[in-house]
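A closer look at the structure
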Amino acid sequence: MSRTYTRLETKLIHAGEPDPLIHGAVSMPIFQSATFEYSGEARYDDIRYIRLNNTPNHLALHQKLAALENGETAIVTASGMAAITTTFLTFLSSGDHLLAERCLYGGTYDFVTKDFQGLGLAFDLMDGDDPGSWERKLRPNTKAVYVETMTNPLLGVPKLREIVDFAKKHRILAIIDNTFASPVNFRPLDWGFDLSIHSCTKYLNGHSDIVAGAVIGRRDLIERVTHRLNHLGGTLDPHACFLLHRGIKTLAVRVRHQNQSALRIAQFLEGHEAVCKVNYPGLECHPGHARARELFDGFGGMLSFELVGGVEAADRFISRTNLPTLAPSLGGVETLITRPATTSHSGLSPEERMAVGISDGLIRLSVGIESTDDLIEDFDRALSNT
């Protein structure tokens, strides 16, 4: 019997689970088989084969992910970038044009600004806060608009309602990367976005032990993404599916702790004399604070900040902290710290980084689930020595 669930916490545990349980197994088994017995499938994409993303592990994840954001269906991919690039290549053909937010994750920015031309694709970068600029940059061949729920790494909050209205007015797709918010804090499809993309490596898995991606949305759109993905081959293997499936179940308890912890840390940093700027939408001084309060159920576990002494002070601070790990990525149970200029946005030139407001001294913090008091004490001690 097909079951439906209303609340997110219950969907995380029960949506997409085998019914009845497979041989009574409470945890979803790993189906480590590359191929499956043919049973009369009429279409190529329905043949049971790992590369076609339709093993039992894939199908269970698709149902669960779709339920979390109230989509009709979903598809998992081998990485967040696989989800992003496959989506672009599904809905953009040679001669088409994309409108993309100016401040983006470095990998996305690089793909759009460096690879589009060779594919015959055009793009314009826009300010997510300036709808007038969207209209000016719109072209007859514009097919989609692409934004991030909270920009990486400056934590800007675009005018998401207006993005949806703009897309509907001009009959183009509204695509959003919802990685930073996660379904706990924001569910884009409920607000009118056509497709929601995730790097599942981050909050959805939450344990820094796999790389994965997902696209969630209407069935007809996801079917097109699936067909493209099946040819490109960016498939998630069954064991990674199992780890993602397991990690998702604790998403709500992890993210809600991270929401609360990140807010307290941002407030602490905002009041410290060694800190000259804090980017966190939960702070009242943040330019997108009112918008974030309206749209989000929480402000997330990501923040970034700058120290008075610039790059040298940033490096000293990072080296003197004990709890955070100096590493790229985000969204795990452990607190991670980095300078985006050396990791996530190192592919951008200094001029490109400065153009979008990413200074070389900017520090990005992914707050884990450690004691908030311990983290603040660690940061206070490190700042006193910068």
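In case you missed it, the structure is sitting above this.
Residues numbered from 1 in each chain as written. Predicted model: local features only at pLDDT ≥ 70, side-chain atom pairs only at ≥ 80, totals over all residues. Heavy atoms only, no water.

A look at the overall build of the chain
Heads up, the condition is: In DSSP terms, a helix is any run of H or I states spanning at least four residues, a strand is any run of E spanning at least two, and both are numbered starting from the N terminus. The globule rule used for comparison is 2.2 Å times the number of residues to the exponent 0.38, while the radius of gyration itself is calculated over C-alpha atoms. Working definition: with a 1.4 Å probe on protein chains only, accessible area under 20% of the residue-type maximum means buried, over 50% means exposed, and in between means partly exposed. Contacts: residue pairs with any heavy atoms within 4.5 Å of one another. Note on areas: Shrake-Rupley with a 1.4 Å probe; residue coverage comes only from the protein chains shown.
The helix and strand inventory of the chain stands at 14 helices and 12 strands. Its C-alpha radius of gyration of 21 Å places the chain within 12% of the 21 Å reference for a compact globule of 386 residues. Dimensions of the chain, computed from C-alpha atoms along their principal axes, come out at roughly 70 × 55 × 35 Å. A total of 386 residues make up the chain; the buried ones form 56% of that total. Once local pairs closer than 6 in sequence are excluded, the contacts in the chain between residues at least 24 apart make up 72%. Approximately 16000 Å² of the chain is accessible, and the part contributed by carbon and sulfur atoms is 50%.

A closer look at the nonpolar core
Heads up, the condition is: Only buried Ala, Val, Leu, Ile, Met, Phe, Trp, Tyr and Cys residues count toward a nonpolar core, and they belong to the same one when joined by side-chain atoms within 4.5 Å.
In terms of nonpolar packing, the biggest core is built from 79 residues, with Leu244, Ile265, Leu269, Leu303, Phe305 and Phe317 touching the most fellow members. Sorting elements by how many residues they give to this core places helix H10 (residues 251-270) first, with eight residues. Sequence-distant contacts of Leu303, that is, excluding residues within four places in its chain, are made with Leu155, Ala262, Ile265, Ala266, Leu269, Asn279, Tyr280, Ile363, Arg364, Leu365 and Val367. Counting 27 residues, the second largest nonpolar core, distinct from the first, contains Ile84, Leu92, Phe111 and Ala144.

Here's the deal with the pairing of strand E12 (residues 363-366)
Selection rule: In this scheme, strands are said to pair when DSSP sees at least two bridges between them.
By the alternation rule, side chains of E12 split into Ile363 and Leu365 and Arg364 and Ser366, which are all buried. Looking at chain direction, strand E9 (residues 302-307) and E12 are connected through four bridges and run antiparallel. Paired with Phe305 across the two strands is Ile363, which belongs to E12.

Some thoughts on the sheet that holds E9
What counts, and what does not: Lines fitted to the C-alpha atoms define the axes, with helices restricted to the stretch that makes contact. Angles between their N-to-C directions range from 0 to 180 degrees.
Pairing is mixed across the open sheet formed by five strands, whose spatial order is E8-E9-E12-E11-E10. Here the strands that pair on one side only, and so sit at the sheet edges, are strand E8 (275-279) and strand E10 (325-326). Together, E8, E9 and E12 form the strand contacts of H10, whose direction differs from that of E9 by roughly 15°.

Regarding the sheet that holds strand E5 (residues 173-177)
The sheet built from seven strands is open, its strands ordered E1-E7-E6-E5-E4-E2-E3 with mixed pairing. Looking at the sheet topology across the chains shown, the edges are occupied by strand E1 (73-77) and strand E3 (122-126). Each strand of the sheet is rotated relative to its neighbour by a mean of 20°, with strand direction disregarded. In this structure, E1 lies alongside strand E7 (residues 213-217), joined through five bridges in antiparallel fashion. Note that in E7 the partner of Ile75 across the bridge is Val215. The strands touched by helix H4 (residues 106-115) are strand E2 (97-101), E3 and strand E4 (142-148); relative to E3, the strand with the most contacts, the crossing angle is about 135°. Each of E2, E3, E4 and E5 is contacted by helix H6 (residues 160-170), which is oriented at about 170° to E4, the strand it contacts most.

Description of unusual backbone geometry
A cis amide bond links Asp19 to the next residue, Pro20, at an omega of 5°. Here the bond from Asn152 into Pro153 is cis, since omega is 10°, no more than 30 degrees from zero. Relative to the helices and strands, Pro153 resides in the loop between E4 and H6. If you check the backbone angles, Ser182 has positive phi at about 70° while not being a glycine. Note on placement: Ser182 falls in helix H7 (residues 182-185). Residue class for Ser182 comes out buried when judged on its relative accessible area of 1%. Of note in the backbone geometry, Ser329 takes a positive phi value of approximately 75° without being a glycine. Note that Ser329 resides in the loop between E10 and strand E11 (336-338).

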